[in-house]
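Structural description and commentary
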Amino acid sequence: MESQPQPQPQPRRPRGFAATAAAAAASVSPTGTPSGSAGAPTASSGKGKREREKEKERTKLRERHRRAITSRMLAGLRQYGNFPLPARADMNDVLAALAREAGWTVEPDGTTYRHSPPPKHQQHLGAFPVRSGESPLTATSLKNCSVKATLDCQQPVVRIDDSLSPASLDSVVIAERDTRSEKYPSTSPINSVECLEADQLIQDVHSTEHDNDFTGTQYVPVYVKLSTGFINNFCQLADPDGVRQELSHMNSLNVDGVIVDCWWGIVECWNPQKYVWSGYRELFNYIREFKMKIQVVMAFHEYGRTDSADVLISLPNWILEIGKENQDIFFTDREGRRTTEFLSWGINKERVLNGRTGVEVYFDFMRSFRTEFDDLFAEGLISAVEIGLGPSGELRYPSFSERMGWRYPGIGEFQRAAKLRGHSFWARGPDNAGHYNSRPHETGFFCERGDYDSYYGRFFLHWYAQALMDHADNVLSLANLAFEETKIIVKIPAVYWWYKTSSHAAELTAGYYNPTNQDGYSPVFEVLKKHSVTVKFVCYGLQICSYENDEAFADPEGLSWQVLNSVWDRGLKVAGENTLSCYDKEGCLRIIETAKPRNDPDRRHFSFFVYQQPSPLVQGVICLPDLDYFIKCMHAGDITGDLVP
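Residues numbered from 1 in each chain as written. Predicted model: local features only at pLDDT ≥ 70, side-chain atom pairs only at ≥ 80, totals over all residues. Heavy atoms only, no water.

The protein appears in an unreviewed UniProt entry as Beta-amylase from Gossypium hirsutum. Per its UniProt entry, the protein bears the Sequence similarities (unreviewed entry) comment "Belongs to the glycosyl hydrolase 14 family." For the record of the protein, the UniProt heading Catalytic activity (unreviewed entry) holds the text "Hydrolysis of (1->4)-alpha-D-glucosidic linkages in polysaccharides so as to remove successive maltose units from the non-reducing ends of the chains." (UniProt positions renumbered as here; feature names shortened; annotations may be inferred.)

The following block contains the structure:
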């Protein structure tokens, strides 16, 4: 008997990059020359090349859209579902978390099983409710995944081919559809998994909570930052009456304390080791009358060299005079221009500042402050000290300086510490990293599969980041010596633009080695943990840009979750600070939810929050629509009011 021919399996239709490669192969003859020609280009070959280029661009757009959806879903699950997902979670982590919530056991190798069958009354449950410990995890439930069983099935956003393995779910590519008729693209409905749009998922979970009810949550103290300009360049209190009015207004709002910048460029302005604290003494006496706590900032940076600034505070004049003769005390960019925003790390141990090193200058300033205001420390009026470690007081390089022409969302430039001993080769930096306002894809270093991931790139970025951490380590060691038994605070920058690209270019130039295949914040926080500091991080009330049309691939929420989880995992305390943009009601509530998540099983929360204002409150400029409401929410009072529209 002749054997019957067996049916051959149908080959999978190639997608994405595979489709592009297949099209390219089909257009080439067996001899290696383009079909339809003996070697000369034809109209058909030119058309094929253009189609391949268009397909590449479409693939990039699909991948960006996929990443945006994934990021928002992960943020929603973390914030509103209390899922302990790692900072760089993929779909395997999500599936494992969902399975464990449903009562399944998931082994590290992916083996999944259940010790006992689900209850009978749940065997026919079609929807997979959020945070349910008894819901069965079945193929039927996943195909109709929704937040609540009563929610109608929505138009699918992401459709996944069943032939894909679980490990490849995070790499699914969304095929295109006519964008003129539909908001989101999708693929063929065959063998698909239907899920809600990330926005609707977050909104529905949030609706299950008591809206605006923070009663019983943790108390988070609120500090307000005093406006720059009350202390003039001669260290005199410029407007005593204005200070009294502002402090009186803060006191009426039950603010816990104030933040005061102590400027190095004012106190030690004219001569080295000649410190003038008179204006700050008078200011602190006013604050003492209102019985408010004080957090001081050791501000070693420049302030106000922008078009919008009405106050200019430079580095001390004697430092600038040294810089005229020895420009190596400042950082330099690829064109050799010097920035006076902050002293270079390269002189931290070089005696080029009238016989003193950089860290010795910082230590002498901090020790002078501690000695001058010993009485305020003794009575507990000064509760904490923030150490400025870079431009704007943040631990970073001056890589995106507006004074140098940088504009958002430029990637910034690597800053070079001239004559840094033992590292002359690495200190040169790459030659193909673009300029301040370049985009990653425009450079050979930061583009997809660029030199940032080459042998040289990895070593240079590691060295560049290590120099930043060494600077923090050196200065904080002396800060703990000067301010013994006082809370020390360090401000971490929020470099959120280009976060959804593979290189994270803006973070790299700022000194954080945090591409997609590297966790750049953990080693920084290990250094900060060594000194038991409190980490202060900037919070954003609203999305910085739209996910649908985001040319900077920004992800402030994704960055925030990576930083906060990394800090909390190391047992460090976290504080928050708002940006200088105005917020509406939604933005206000987002900040409060970030500061004190109501559903966090570990009850983690900010140790305090800093509200910074663009101008004095006495002028009637208040960014938050109702600062009183915001403070009451942070204090976890019985809130019955609402924000002013």
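Next comes the rest of the account.
1. Digging into the packing of aromatic side chains
Inspection of every chain in the model, using the stated rule, returns 45 aromatic pairs. Relative to Tyr397, the ring of Phe331 lies with its centre 5.6 Å away and its plane at 70°, an arrangement referred to as edge-to-face. One end of the pair, Phe331, is in strand β6 (residues 330-332); the other, Tyr397, is in the loop between β8 (382-387) and α12 (424-427), with 66 residues separating them in the sequence. The exposure classification of Phe331 matches that of Tyr397, with both residues buried. Note that Arg370 overlies the ring of Phe377, its terminal NZ or CZ placed 4.3 Å from the centroid. (Phe/Tyr/Trp six-rings, centres within 6.5 Å; stacked < 30°, edge-to-face > 60°. Helix = DSSP H or I, 4+ residues; strand = E, 2+ residues; numbered from the N terminus. Buried < 20%, exposed > 50% of the residue type's maximum accessible area, 1.4 Å probe, protein only. Lys NZ or Arg CZ within 6 Å of the ring centre and 35° of its normal.)

2. Quick word on the nonpolar core
Core analysis: the biggest nonpolar cluster contains 147 residues, and Tyr280, Phe284, Met298, Phe369 and Ile387 have the highest contact counts within it. No other element matches helix α13 (residues 455-482), which puts 13 residues into this core. Setting aside residues no more than four positions away along its own chain, Ile387 makes contact with Met298, Met366, Gly393, Val475, Leu476, Ala479, Phe483, Ile488 and Ile489. Counting eight residues, the second largest nonpolar core, distinct from the first, contains Leu85, Ala89, Val94 and Leu98. (Core = buried A, V, L, I, M, F, W, Y, C linked by side-chain atoms within 4.5 Å. Contact = heavy atoms within 4.5 Å.)

3. Regarding the pattern of salt bridges
Oppositely charged side chains can pair when the atoms bearing their charge come close. Across all of its chains, the model carries 25 salt bridges by this definition. A salt bridge links Asp375 to Arg288; its shortest N-O distance comes to 3.5 Å. Of the two residues, Asp375 is situated in helix α11 (residues 374-378) and Arg288 in helix α8 (residues 278-289); the sequence distance between them amounts to 87 residues. On the accessibility criterion, Asp375 (32% relative accessible area) is partly exposed. Assessed through its relative accessible area of 29%, Arg288 is described here as partly exposed. Here Asp453 and Arg458 are joined by a salt bridge, their closest N and O atoms 3.7 Å apart. Salt bridges sharing common partners tie together Glu386, Glu394, Arg396, Lys491, Lys536 and Glu577. (Salt bridge = Lys/Arg side-chain N within 4 Å of Asp/Glu carboxyl O.)

4. Regarding unusual backbone geometry
Residue Pro409 follows Tyr408 across a cis peptide bond; omega there is 5°. On the secondary structure map, Pro409 appears in the loop between β8 and α12. Here Asn254, not a glycine, exhibits a phi torsion of approximately 65°, which is positive. Inspection of the secondary structure assignment puts Asn254 in the loop between α6 (240-252) and β4 (257-263). A residue is classified by how much of its surface remains accessible, and Asn254, at 53% relative accessible area, is exposed. In the Ramachandran plot, Trp498 falls in the positive-phi region, its phi being about 65° despite a non-glycine side chain. Its place among the elements puts Trp498 in the loop between β9 (487-492) and α14 (505-510). According to the relative accessible area criterion, Trp498 is buried, its value standing at 1%.

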